[in-house]
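Observations on chain architecture
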Amino acid sequence: MAVQAVPTKGNLMNAKKSLALAKNGYELLDRKRNILIREMMTLIDHANAIQEKIDSAYEEAYFALQTANISNGFCEDISKAIPIEDGLKLDSRSVMGVEIPILTMDESESYDYLHYGARTTNAAVDKTFILFTRVKELTVELAEIENSVYRLAVSIKKTQKRANALKNIMIPRFEETVKFITDALDEKDREEFSRLKVIKRKKLRDAQNNT
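Residues numbered from 1 in each chain as written. Predicted model: local features only at pLDDT ≥ 70, side-chain atom pairs only at ≥ 80, totals over all residues. Heavy atoms only, no water.

On to the overall build of the protein. Regarding its fold elements, the protein presents three helices and two strands. For the protein, the sequential pattern of α-helices and β-strands runs α-α-β-β-α. Within the protein, the fraction of its 211 residues that count as buried is 26%. A separation of at least 24 residues holds for 78% of the contacts in the protein among residues at least 6 apart in sequence. Of the roughly 14,800 Å² of accessible surface on the protein, 56% is carried by carbon and sulfur atoms. (Helix = DSSP H or I, 4+ residues; strand = E, 2+ residues; numbered from the N terminus. Buried < 20%, exposed > 50% of the residue type's maximum accessible area, 1.4 Å probe, protein only. Contact = heavy atoms within 4.5 Å. Areas by Shrake-Rupley, 256 points an atom, 1.4 Å probe, with all protein chains shown as cover.)

This is how it looks when you write it as structure tokens:
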């Protein structure tokens, strides 16, 4: 049972303001939650589509690698000539206050420049390089989406928790306080009205007795 406020008109006004703010806060949190859920579901659908592309791309790339190994000899030494990827850039966008990552990859040299000797390799190696570059691009895209989904899920959970606290705790508490003060003030008004009626009757009797 919450401690009730002193039943005054000032406290009643404050309690009504707090109740209105709590209800408005709940509506905003509920709206935010719904927007975040829609955004997350869209990203999940996109992630599923990307995952299918990645599965297909990996299968095609590994088949090309097998072909390159057969036609050109094992490509382990050739693979060492490929530099480590360091062209990833991280940015972000905001969705209802949630920072969503944006990953971009520098593709300027992905296809235009071969890091291995063209004279000592054949077209199968080129195809393998191109296909694995595509795998890398899809993996970056999927990583961005999965991280976004995780951040949205965390924010949705927090937002839902706050909304539930307002709906199930704060709003009922303020409603109870408003009702308590309103009832107490109404009872006080009735008592004051009854007291005035008694005084008025007493004054009338005294006036009649003096005449």
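With that out of the way, let us pick up helix 1 (residues 9–72). For helix 1, which comprises 64 residues, the first-to-last C-alpha distance of 90 Å matches the rise-based estimate of 94 Å (1.5 Å per residue) to within 8%. Where helix 1 terminates, the next one or two residues include Gly 73, which has phi positive at roughly 85 degrees. (Expected span 1.5 Å × (residues − 1).)

Take unusual backbone geometry next. Negative phi is the rule for most residues except glycine; trans is the rule for most peptide bonds. Its identity as a non-glycine residue notwithstanding, Met 96 has a phi of 50 degrees, on the positive side. When you line up the elements, Met 96 lands in the loop between strand 1 (88–95) and strand 2 (98–105). Of the residues examined, Met 96 reaches a relative accessible area of 39% and is grouped as partly exposed.

This part takes up the nonpolar core. Leu 36, Ile 50, Ile 145 and Leu 152 are the most contacted members of the largest nonpolar core, which has 20 residues in total. For this core, the secondary structure elements donating two or more residues are helix 1, strand 2 and helix 3 (123–210). For this core, the leading source of residues is helix 1, giving nine residues. Counting residues in each nonpolar core, the second largest holds 11 residues, with Leu 19, Ile 171, Val 178 and Ile 181 among its members. (Core = buried A, V, L, I, M, F, W, Y, C linked by side-chain atoms within 4.5 Å.)

Relative to strand 2, strand 1 runs antiparallel, the two sharing eight bridges. Bridged to Asp 91 within strand 2 is Ile 102. Adjacent in sequence and paired antiparallel, strand 1 and strand 2 are bridged by two residues, among which Met 96 carries a positive phi angle near 50 degrees. (Pairing = 2+ DSSP bridges.)

Let's shift gears to the pattern of salt bridges. Throughout the structure, instances matching the rule amount to six salt bridges. Across the pair Glu 175 and Lys 23 runs a salt bridge whose closest N-O atoms are separated by 3.9 Å. One end of the pair, Glu 175, is in helix 3; the other, Lys 23, is in helix 1, and 152 residues separate them in sequence. Relative accessible area serves as the criterion here: at 37%, Glu 175 is assigned to the partly exposed category. Of the charged contacts, one joins Asp 30 and Arg 33 as a salt bridge, the two residues approaching to 2.9 Å between their closest N and O atoms. Taken together, the residues span about one helical turn, with Asp 30 and Arg 33 both in helix 1 at a distance of three residues. (Salt bridge = Lys/Arg side-chain N within 4 Å of Asp/Glu carboxyl O.)

Next up on the list: the side chain of Thr 133. Examined against the element boundaries, Thr 133 turns out to sit in helix 3. Relative accessible area serves as the criterion here: at 5%, Thr 133 is assigned to the buried category. One polar contact links the side chain of Thr 133 to the main-chain carbonyl oxygen of Phe 129, over a distance of 2.7 Å. (Polar contact = N/O pair within 3.5 Å; in protein donor to acceptor, adjacent residues only side chain to side chain.)

What follows concerns the packing of aromatic side chains. Scanning the model with the defined rule gives two aromatic pairs in all. Ring centres 6.0 Å apart and planes at 15 degrees place the aromatic pair Tyr 58 and Tyr 62 in the stacked group. Taken together, the residues Tyr 58 and Tyr 62, both in helix 1 and four residues apart, mark about one turn of the helix. The partly exposed category is assigned to Tyr 58, whose relative accessible area is 32%. With a centroid separation of 5.3 Å and an interplanar angle of 90 degrees, the aromatic rings of Tyr 62 and Phe 132 are classed as edge-to-face. Highlighted residues: Tyr 62 in helix 1 and Phe 132 in helix 3, separated in sequence by 70 residues. (Phe/Tyr/Trp six-rings, centres within 6.5 Å; stacked < 30°, edge-to-face > 60°.)

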